[in-house]
Amino acid sequence: MSLATTQSIAEIRARNKELIEEVLKVYPEKTAKRRAKHLNVHQVGKSDCGVKSNIKSIPGVMTIRGCAYAGSKGVVWGPIKDMVHLSHGPVGCGQYSWGSRRNYYVGTTGIDSFVTLQFTSDFQEKDIVFGGDKKLIKILDEIQELFPLNNGITIQSECPIGLIGDDIEAVSRAKSKEYGGKTIVPVRCEGFRGVSQSLGHHIANDAVRDWIFDKLEPDGKPKFEPTPYDVAIIGDYNIGGDAWSSRILLEEMGLRVIAQWSGDGSLAELEATPKAKLNILHCYRSMNYISRHMEEKFGIPWCEYNFFGPSKIAESLRKIAGYFDDKIKEGAERVIEKYQPLVNAVIAKYRQRLEGRTVMLYVGGLRPRHVIGAYEDLGMEVVGTGYEFGHNDDYQRTAQHYVKDSTLIYDDVNGYEFERFVEKVQPDLVGSGIKEKYVFQKMGVPFRQMHSWDYSGPYHGYDGFAIFARDMDMAVNSPIWKKMKAPWKEAAKPKLLAAE
Amino acid sequence: MAQSAEHVLDHLELFRGPEYQQMLADKKMFENPRDPAEVERIKEWTKTAEYREKNFAREALAVNPAKACQPLGAVFVSVGFEGTLPFVHGSQGCVAYYRSHLSRHFKEPSSCVSSSMTEDAAVFGGLNNMIDGLANSYNMYKPKMIAVSTTCMAEVIGDDLNAFIKTSKEKGSVPAEFDVPFAHTPAFVGSHVTGYDNALKGILEHFWDGKAGTAPKLERKPNEAMNIIGGFDGYTVGNLREIKRILALMGIKHTLLADNSEVFDTPTDGEFRMYDGGTTLEDAANAVHAKATISMQQWCTEKTLSFVSAHGQDVVSFNYPVGVSATDDVLVALSRISGKEIPEELARERGRLVDAIADSSAHIHGKKFAIYGDPDPCYGLAAFLLELGAEPTHVLSTNGNKAWQEKMQALFASSPFGQVCQAYPGRDLWHMRSLLFTDPVDFLIGNTHGKYLERDTGTPLIRIGFPIFDRHHHHRSPVWGYQGGLNVLVKILDKIFDEIDKKTNVLGKTDYSFDIIR
């Protein structure tokens, strides 16, 4: 099905350029001008992908992006399991984001853990008119009474909070004092702030800094004896257990993980992180801010790593080990060796079924580049990729370390563009989100959700790679794709009705 | 290492192995965990009557509410019209949420655009977002109609849709005659069923009352047709198709308003149909001439029906008709209004449902149920349970109001099986948790979120409601009408039998009752 494998780089470049020109034709002039800056064909050797990013989405185009609240409550804070996260405002935001990220955790839900509960202030008209602070005060009391084992509360602002002038910071301070210094974190992640989820990550990071780190006693003793091998996993949300299948490798190489940010994480782990010797950062986009802060304030170095696919895993294990002594370096080699037979067996089984198949990706702020190595380990080729909420530093990393020449790049792609691109490029697999999944499956293109792992996972680590390989195979090679057309009808090519 | 290429273990099994279990146990020391005895004590305390009292004394906090916000209902209505693109004016994250929510339930694409308002729009208003947004949507997605609703952001800052749309047309975003109906749908008022009501009323008002002052109002010339409204419904695909089938059997000329049964059930054949089926715009306009409008869900259509009634039509509403009597009532009303006879085929279907109930009622009779969901489904399912001789002991609707409660209590009072039953308006699933502990029932009926209640309280969950994320395809089968009643009956029976088997399958202990004939 793939065209890419049979064409030269020059041909692909020309086709992709033409494709961009073609999609731009649908827009009114002003919009075409704006969108043109977000679409490009990658030129090898360039320092970035040649697209503008982290810019406001254009009204009415069907952007796939979400909001700052989604970035804070949905991504960064939501997985902290022993805190209650209040969706402060009307009922919808908390309802739609309830349990949908698959942030796995171990705990007694509703008693000492609260990740899969939907706490909301369920604003009514009177709260908008008269302000919601009084209601918030009462809510905090009710949380304390009914969920006495919570270790802290965050207030995740929805749009109205910032518009009606509520002072959630004052309420948080007063109630924290009243409860004897309880951690209560007001987060100004109203959905209209910024251009995507991204600002929500930043605001959430800043809230950790201001309302947790700044309240720590400067020379507070850690609750455990420190070791020279203490590290924190930053930016792993434990989707389908990703942080666990990562943690096990770090521990096997001799490191001690003292905190997970934030999948299966706890307040105590956040508070202990300034004692880490190294912060290892998986999702750079959502947690580089707090990593940089800890470097400046506490002198903790940080390093990015990539646990998708054996090539990147081995590279990352060695890179992390480089911050430590020979014991850890040997540990890294030992781990790589231990898992090599598994890697060989997975590749032997799946590569032959996937070799040469092409993939188009459109994900959030990390995976549009991070998963490319895992596909390549299986002999697959990523022919198009783009970020929902990446910044230029993400596109730089993508250009310098991941994508091949003439890859189609699309920043903040919208429904129309993505459908057109897939229709023309005809990849063997699309990896994106739930809103895209059924569109492409209707077109007959195999699909995997690459936010939620399509209810599978983990995909991180060696254990995760086996699952990743299995899942990609079952998507691409599902027998159902051969039944797309009725035998009495002509062969149908994917096409769009809406945009005809 | 448990992982292997031959038998790939995913999260379902991988973490249960000793290596991971040890790792997770070791992680505890960094979590500053609570004393397990204290966790146990609080866990038991949450099961008590004392906790229930405190829980029910809550005035401000909602925990696991069973409702969503207005614009979701507006989007649901809008896609039920031919070639219609829902356009939600306000923050863009909301639209990402509605689309995801609908896709996760229907396992279908869900198309909708946002005007992507940000901080500057919060200060200056979202007019420019509307002007640009309508122009872009119109050019890119070639809709026949764009139906506008609002997020709470746009409502808080007071954007005026009527004026904005008018200005956008003047600026050439869309042609002057292009249909852009609208509805204000503040998330802080009512729920998704309110949004359904407001959006449907907005669309009818647009076509019937002069398209926001740009066309003459339609003059009603009564005809023999009937309008049907389904209401917000997770089973919209199966239910609307069933209604159409019944109307065809009866030979009733009708317009199904907001018919989204096709767009939420398109085939996989190589084409993505962004728009499919739906009430034609012509039919939406001509619906003003109908003899009567029938709503299958009273609480989804209060404003719409009063608007329709003011145009001179008869209006009748039902409460999510599940089962024998509820379907009888619908058919009798259809027959009365249309003058058409109820065909023998439907009488036979009725007889089959009665037959099935008679065959199985011994297994349901006297069983206690808790139900939660939207006001109408709660009513319809409770009425059906009473018909089966079961007791809908707790019926809870987060978006139910006092009038709903009174109607529910009247229903309970009408049946000997309803004497100890209670309706709970405005309550949430954390309240339900207390009820299930202090006043247990045999089965729980509700949406996917009920699985948390099933886990905590051990009450087996029968999944009927919205959203259903963790079971597939049930929305394709009806729950209304005699056929739908049969589907619901089978769903309930399957769960009952599965539970009996689960309780009797211990070899040499309980398996004397592990019968092969039930």
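Here the structure is a predicted model, which means the values were calculated and not measured. (Residues numbered from 1 in each chain as written. Chains lettered and ligands numbered in written order. Predicted model: local features only at pLDDT ≥ 70, side-chain atom pairs only at ≥ 80, totals over all residues. Heavy atoms only, no water.)

Peer 1: Tell me about the overall build of chain B, and please be specific about residues and values.
Peer 2: Secondary structure summary: chain B contains 20 helices and 14 strands in total. At 25 Å, chain B has a C-alpha radius of gyration in line with the 24 Å of a compact globule built from 518 residues. With the C-alpha coordinates of chain B rotated into their principal frame, the extents come out at 80 × 65 × 55 Å. Within chain B, the proportion of its 518 residues that are buried is 62%. In chain B, the share of contacts with a sequence separation of at least 24, taken over all contacts with a separation of at least 6, comes to 72%. Roughly 19,100 Å² of accessible area belongs to chain B as shown, and the carbon and sulfur atoms make up 51% of that amount. Here chain B carries 53 positive and 66 negative side-chain charges, and the mean point of each set is 2 Å from the other. (Helix = DSSP H or I, 4+ residues; strand = E, 2+ residues; numbered from the N terminus. Rg over C-alpha atoms; globule rule 2.2 N^0.38 Å. Buried < 20%, exposed > 50% of the residue type's maximum accessible area, 1.4 Å probe, protein only. Contact = heavy atoms within 4.5 Å. Areas by Shrake-Rupley, 256 points an atom, 1.4 Å probe, with all protein chains shown as cover. Lys, Arg positive; Asp, Glu negative; His and termini not counted. Charge placed at Lys NZ, Arg CZ, Asp CG, Glu CD.)

Peer 1: Please set out the side chain of aspartate 236 of chain A residue by residue, giving values where relevant.
Peer 2: Residues and elements named next belong to chain A. Looking at where aspartate 236 falls in the secondary structure, it is placed in strand β6 (residues 230–236). There is a polar contact of 3.3 Å between the side chain of aspartate 236 and the backbone nitrogen of alanine 243. Beyond its immediate stretch of four places on either side in the chain, aspartate 236 contacts Asp242, Ala243, Ser246, Trp261, Ser262, Gly263 and His460. (Polar contact = N/O pair within 3.5 Å; in protein donor to acceptor, adjacent residues only side chain to side chain.)

Peer 1: Mind laying out the sheet that holds strand β8 (residues 292–295) of chain B, listing which residues take part and the relevant values?
Peer 2: Residue and element names in this part refer to chain B. Spatial strand order, β6-β5-β8-β9: four strands in an open sheet with parallel pairing. Across the chains shown, the open sheet's two edge strands, defined by having one partner strand only, are β6 (254–257) and β9 (314–317). Within the sheet, the average angular offset between the axes of one strand and its neighbour, ignoring direction, is 20°. As judged from the four bridges shared by strand β5 (residues 226–229) and β6, these two strands associate in the parallel manner. Of the residues in β6, the one forming a bridge with asparagine 227 is threonine 255. Those strands touched by helix α11 (residues 236–250) are β5 and β6, and its axis lies near 175° from that of β6. Together, β5, β8 and β9 form the strand contacts of helix α14 (residues 324–338), whose direction differs from that of β5 by roughly 155°. (Pairing = 2+ DSSP bridges. Axes fitted to C-alpha atoms, helices over the stretch in contact; angles between N-to-C directions.)

Peer 1: Residue-level account of the packing of helix α16 (residues 375–387) of chain B against helix α20 (residues 481–503) of chain B, with values.
Peer 2: All names here are of chain B. Interhelical geometry of α16 versus α20 gives an angle of 75° and a closest axis separation of 12 Å. Here α16 is positioned roughly perpendicular relative to α20, judged by the angle of their axes. Counting all contacts with α16, which are made through Leu381, Phe384 and Leu385, the residues of α20 involved are Gly485, Val488, Leu489 and Ile492. Residue composition of the contact of α16 with α20, grouped by class: six nonpolar, one polar and no charged. (Parallel < 35°, antiparallel > 145°, perpendicular 65-115°, else oblique. Nonpolar A, V, L, I, M, F, W, Y, C, P; charged D, E, K, R; others polar.)

Peer 1: Describe in detail unusual backbone geometry, supporting the description with residues and values.
Peer 2: Trans is the prevailing form of peptide bonds, just as negative phi is the prevailing case for residues other than glycine. Looking along the chain, the bond that leaves tryptophan 261 of chain A and enters serine 262 of chain A is cis, with omega of -10°. Within the secondary structure layout, serine 262 of chain A lies in strand β7 (residues 256–262). For the bond from glycine 457 of chain A to proline 458 of chain A, the omega torsion is 0°, close enough to zero to count as cis. With a phi angle near 50°, serine 116 of chain B is a residue other than glycine that sits in the positive phi range.

Peer 1: Please set out the packing of aromatic side chains residue by residue, giving values where relevant.
Peer 2: In the structure shown here, the tally under the stated rule is 41 aromatic pairs over all chains. Their ring planes at 80° and their centres at 6.4 Å tell us that tyrosine 69 of chain A and tyrosine 97 of chain B sit as a pair that is edge-to-face. Residue tyrosine 69 of chain A is located in helix α3 (residues 68–77), and its partner tyrosine 97 of chain B is located in helix α5 (residues 92–106); the two belong to separate chains. Comparing tyrosine 69 of chain A with tyrosine 97 of chain B, the two get one shared label, buried. Here the aromatic rings of tyrosine 339 of chain A and tyrosine 462 of chain A are separated by 4.8 Å at their centres, their planes lie at 10°, and the arrangement is stacked. Here the residue tyrosine 339 of chain A occupies a position in helix α14 (residues 326–354), and tyrosine 462 of chain A occupies one in helix α20 (residues 461–476), the gap between them amounting to 123 residues. Like tyrosine 339 of chain A, the residue tyrosine 462 of chain A is buried in the burial classification. The residue whose ring lies beneath arginine 397 of chain A is tyrosine 284 of chain A, and the NZ or CZ to ring-centre distance is 3.8 Å. Seen from the ring of phenylalanine 56 of chain B, arginine 52 of chain B lies directly overhead, with NZ or CZ sitting 5.6 Å from the centre. (Phe/Tyr/Trp six-rings, centres within 6.5 Å; stacked < 30°, edge-to-face > 60°. Lys NZ or Arg CZ within 6 Å of the ring centre and 35° of its normal.)

Peer 1: Could you give an account of the sheet that holds strand β9 (residues 302–304) of chain A, with specific residues and numbers?
Peer 2: Residue and element names in this part refer to chain A. Strand order in the open sheet formed by four strands is β7-β6-β8-β9, and the pairing between neighbours is parallel. Only two strands of the sheet have a single neighbouring strand rather than two, namely β7 and β9. The sheet shows a mean angle of 25° between the axes of neighbouring strands, direction not considered.

Peer 1: Can you lay out the pattern of salt bridges for me, pointing to particular residues and giving the numbers?
Peer 2: Counting across every chain of the model gives 70 salt bridges over all chains. Where lysine 424 of chain A meets glutamate 22 of chain A, a salt bridge forms, and the shortest distance between an N and an O atom there is 3.0 Å. On the criterion of sequence distance, the pair formed by lysine 424 of chain A in helix α18 (residues 415–425) and glutamate 22 of chain A in helix α1 (residues 9–24) is long-range, its members being 402 residues apart. Since its relative accessible area comes to 31%, lysine 424 of chain A is described here as partly exposed. The partner of glutamate 59 of chain B in a salt bridge is lysine 138 of chain A, and the shortest N-O contact between them spans 2.4 Å. In this pair, glutamate 59 of chain B is assigned in the loop between α3 (49–56) and β1 (62–63) and lysine 138 of chain A in helix α6 (residues 133–146), connecting two distinct chains. Via salt bridges that share partners, Lys81, Asp264 and Glu269 of chain A together with Lys27, Lys28 and Glu31 of chain B belong to a single interconnected network. (Salt bridge = Lys/Arg side-chain N within 4 Å of Asp/Glu carboxyl O.)

Peer 1: If you had to explain the interface of chain B and chain A to someone new, which residues and values would you point to?
Peer 2: Taken together, the contact pairs 105 residues of chain B with 129 residues of chain A. Between chain B and chain A the total buried area reaches about 9,800 Å² when both faces are included, carbon and sulfur atoms providing 63% of it. The largest contributions to the chain B side of the interface with chain A come from Phe30, Tyr97 and Phe272 of chain B, which together make up 8% of the buried area. Along the contact surface separating chain B from chain A lie twelve salt bridges. (Buried area = accessible area lost by both parts, 1.4 Å probe.)

Peer 1: So what's going on with the confidence of the model for chain B? Residues and values would help.
Peer 2: With 100% of its residues at a pLDDT of 70 or more, chain B has an overall mean of 98. Both scores are available for the predicted complex, with the pTM at 0.97 and the ipTM at 0.98. (pLDDT = per-residue confidence, 0-100.)

Peer 1: Account for the side chain of serine 97 of chain A, naming residues and giving values.
Peer 2: Here serine 97 of chain A shows up in the loop between α4 (92–96) and β3 (119–120). Taking the relative accessible area as the measure of exposure, serine 97 of chain A reaches 9% and is therefore buried. Other than its neighbours up to four places away in sequence, serine 97 of chain A contacts Tyr69 and Lys73 of chain A together with Tyr97 of chain B.

Peer 1: Can you lay out helix α17 (residues 402–413) of chain B for me, pointing to particular residues and giving the numbers?
Peer 2: All names here are of chain B. The end-to-end C-alpha distance of α17, which contains twelve residues, comes to 16 Å, matching closely the 16 Å that a straight helix rising 1.5 Å per residue would cover. Residues Trp404, Met408, Leu411 and Phe412 constitute the buried set of α17. Buried residues of α17, viewed axially, fall in a sector of 100°; they line one side. More than 90 degrees from the buried face of α17, the exposed residues found are Lys402 and Ala413. Taken together, the buried residues of α17 touch α16, β11 (391–397) and β12 (422–425). (Expected span 1.5 Å × (residues − 1). Arc of directions from axis to C-beta.)

Peer 1: Give a detailed account of the environment of valine 445 of chain A, specifying residues and quantitative values.
Peer 2: With respect to the helices and strands, valine 445 of chain A occurs in the loop between α19 (434–442) and β14 (447–449). Taking C-alpha positions, valine 445 of chain A is 9.1 Å from glutamate 423 of chain A, a pair spaced 22 residues apart along the chain.

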